[in-house]
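Summary of structural features
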Amino acid sequence: MRPSRAKAIKSGLYVLTIAVIVYVVVYMSTPYMINQPGTAEEIQPMVSIKSGDAEEKGTFMLTTVSVSYANVWMLATARFNKHAEIVRKEPDRNDEEYETQQRYYMSSSQSNAIMAAYHKAGVKYDVVSEYVFIVGLSKENPPKGDFHSGDIIREVNGQQVKRFEDLGLLLKDDKPGDRVNLRLERGGKTIDLQAELVEIPAADGGRKAGLGVTVGELRKVQAADPTKEVQFADTRIGGPSAGLMFTLEIYNQLTPGDLSKGYRVAGTGTIAEDGTVGAIGGVQFKIVASDREKAEIFFVPEANYKDAKAKAEEIGSKMKLVPVKKLDDALNYLASLEPKAT
């Protein structure tokens, strides 16, 4: 073999080896995800009320967890990051379903926050169902149709669908194997298709015909006074855990004065219409994110307080951690504060 040809083969093998290493380390997927501190973001730019009081010398901040699909390099480096956590992916959920689910949780969180704030501020409102959409595809009873997570179900056999109940009523007389005509909305486009119904579990323990998908219902909270309607800016944040902090920001805008008293207030927790604050996951990451953004107060669900306190002590944070079980706990604490000296 001539030296020039041997050199070319050697160079080619070198390039191929580098390419394989890069693929394995950077692009090859793994069955793991990495959780770590996300952001602590000001809520005021995300929420607007036409007649709202915009006075806010401090700020209310929602907190997030950064979730990444891990490659080999990320797995290796995460082991040396004391603020990172490696977890297994859920095997039966794809990326599209995960993102749809997180958007649904966020939408529900915002609706609950509006209702809780309206209830506390004495604002009359109605809840209107807007549409039903597909959250995920069943693994136990797979659908027999071209469904995607996020599809809006507009019609079944020419009949409009706006609520959970509509879908159930329209399919109640059908049997597995029957075919139905559907009108969906996907990415702003209308799609007409036919699907075969499959056998799914019924609420009474029996079996019935269904599409083989899990669905969610988008509801809009409408104030009796249109000037008190709450509008949310579009964000890429998902999940239900910003409920409490959304409620505080909305209530602050609905009422005169400044609830923040000039402080940087972060926090987390789900919210129910009656103001009950629920536990969340990943509180340790949110403590780190809030401390980085110089939060002075952190509202934490009582059930998460122990973990939050341990993480705050570990990083030497000076934030005041305030455990809460309901909205009034947070409001009473803020009311007790003296305005921050400027």
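In the nomenclature of an unreviewed UniProt entry, the protein chain is known as endopeptidase La of Paenibacillus timonensis. Per UniProt, the comment on the protein chain under Catalytic activity (unreviewed entry) is "Hydrolysis of proteins in presence of ATP."

Examining the overall build of the protein chain
When helices and strands are counted, the protein chain shows 8 helices and 18 strands. The C-alpha extent of the protein chain, read off along each of the three principal axes, is 85 × 65 × 35 Å. The burial tally for the protein chain puts 42% of its 342 residues in the buried class. Considering only intrachain contacts with a sequence separation of at least 6, the fraction spanning at least 24 residues in the protein chain is 74%. Accessible surface for the protein chain amounts to roughly 18700 Å². Of this, 51% is attributable to carbon and sulfur atoms. Computed over 44 positive and 46 negative side-chain charges, the separation of the two mean positions in the protein chain equals 8 Å.

Overview of helix H6 (residues 283-292)
A large share of H6 lies buried, amounting to 7 of its 10 residues. Within the span of H6, buried status applies to Val 283, Phe 285, Lys 286, Ile 287, Val 288, Ala 289 and Ser 290. Lys 294, located one to two residues past H6, shows a positive phi value of around 60 degrees.

Considering the packing of aromatic side chains
Using the criterion set out here, one finds 6 aromatic pairs in the structure. Summarising the aromatic geometry, the rings of Tyr 104 and Phe 133 are spaced 5.2 Å apart at their centres and angled 80 degrees between planes, so their arrangement reads as edge-to-face. Placement of the pair is Tyr 104 in helix H3 (residues 95-121) and Phe 133 in strand E5 (residues 125-137), with a sequence separation of 29 residues. Judged by relative accessible area, which is 8%, Phe 133 ranks as buried. Ring geometry for Tyr 118 against Tyr 125: centres 5.7 Å apart, planes inclined by 40 degrees, an arrangement best described as tilted. Looking at Tyr 118, the relative accessible area reads 0%, which means it is buried. Owing to a relative accessible area of 21%, Tyr 125 belongs among the partly exposed residues under this scheme.

Things to note about the UniProt feature "active site" (unreviewed entry) in the protein chain
When the UniProt feature table is mapped to this numbering, "active site" (unreviewed entry) covers Ser 241 and Lys 286. In summary, the annotated positions, though distributed over 46 residues, converge in three dimensions, the widest C-alpha pair being only 10.6 Å. Aside from chain neighbours lying at most four places away, what touches Ser 241 is Thr 63, Thr 268, Gly 269, Thr 270, Ile 280 and Lys 286. The residue Lys 286 is located in helix H6 in this model. Among residues more than four places away in sequence, those in contact with Lys 286 are Thr 63, Thr 64, Val 65, Ser 241, Thr 268, Ile 280, Gly 281 and Phe 298. Within the structure, Lys 286 has its side chain in polar contact with the side chain of Ser 241 (distance 2.6 Å).

With respect to the environment of Ala 76
Relative to the helices and strands, Ala 76 is located in helix H2 (residues 72-78). The partly exposed category is assigned to Ala 76, whose relative accessible area is 37%. Each C-alpha atom of the pair Ala 76 and Gly 238 lies 27 Å from the other, and the pair is 162 residues apart in sequence.

Let's talk about the sheet that holds strand E14 (residues 264-267)
The strand order E4-E1-E3-E14-E17-E18 describes an open sheet built from 6 strands, whose pairing is mixed. Sheet topology places strand E4 (85-88) and strand E18 (320-324) at the edges, where each strand pairs with a single neighbour. Between one strand and the next, the sheet's axes are offset by a mean angle of 35 degrees, whatever the strand orientation. Summarising the sheet, strand E1 (residues 32-42) and E4 pair through 4 bridges and their orientation is antiparallel. Within the sheet, the bridge partner assigned to Asn 35 lies in E4 and is Glu 85. Lying on the sheet, helix H5 (residues 243-254) is in contact with strand E3 (59-69), E14, strand E17 (297-301) and E18; it crosses E3 at an angle near 150 degrees. Contacts from H6 reach E1, E3, E4, E14, E17 and E18, with the element oriented near 40 degrees to E1.

Topic: the pairing of strand E11 (residues 207-210)
Relative to E11, strand E10 (residues 198-201) runs antiparallel, the two being bridged by 4 bridges. Across the sheet, Glu 199 pairs through a bridge with Ala 209, a residue of E11. Taken together, E10 and the strand that follows it, E11, pair antiparallel across an intervening segment of 5 residues, in which Gly 205 is found at a positive phi of about 95 degrees.

Looking at the side chain of Ser 290
Structurally, the position occupied by Ser 290 is in helix H6. Relative accessible area serves as the criterion here: at 0%, Ser 290 is assigned to the buried category.

Definitions and cut-offs
- Residues numbered from 1 in each chain as written.
- Predicted model: local features only at pLDDT ≥ 70, side-chain atom pairs only at ≥ 80, totals over all residues.
- Heavy atoms only, no water.
- UniProt positions renumbered as here; feature names shortened; annotations may be inferred.
- Helix = DSSP H or I, 4+ residues; strand = E, 2+ residues; numbered from the N terminus.
- Buried < 20%, exposed > 50% of the residue type's maximum accessible area, 1.4 Å probe, protein only.
- Contact = heavy atoms within 4.5 Å.
- Areas by Shrake-Rupley, 256 points an atom, 1.4 Å probe, with all protein chains shown as cover.
- Lys, Arg positive; Asp, Glu negative; His and termini not counted.
- Charge placed at Lys NZ, Arg CZ, Asp CG, Glu CD.
- Phe/Tyr/Trp six-rings, centres within 6.5 Å; stacked < 30°, edge-to-face > 60°.
- Polar contact = N/O pair within 3.5 Å; in protein donor to acceptor, adjacent residues only side chain to side chain.
- Pairing = 2+ DSSP bridges.
- Axes fitted to C-alpha atoms, helices over the stretch in contact; angles between N-to-C directions.

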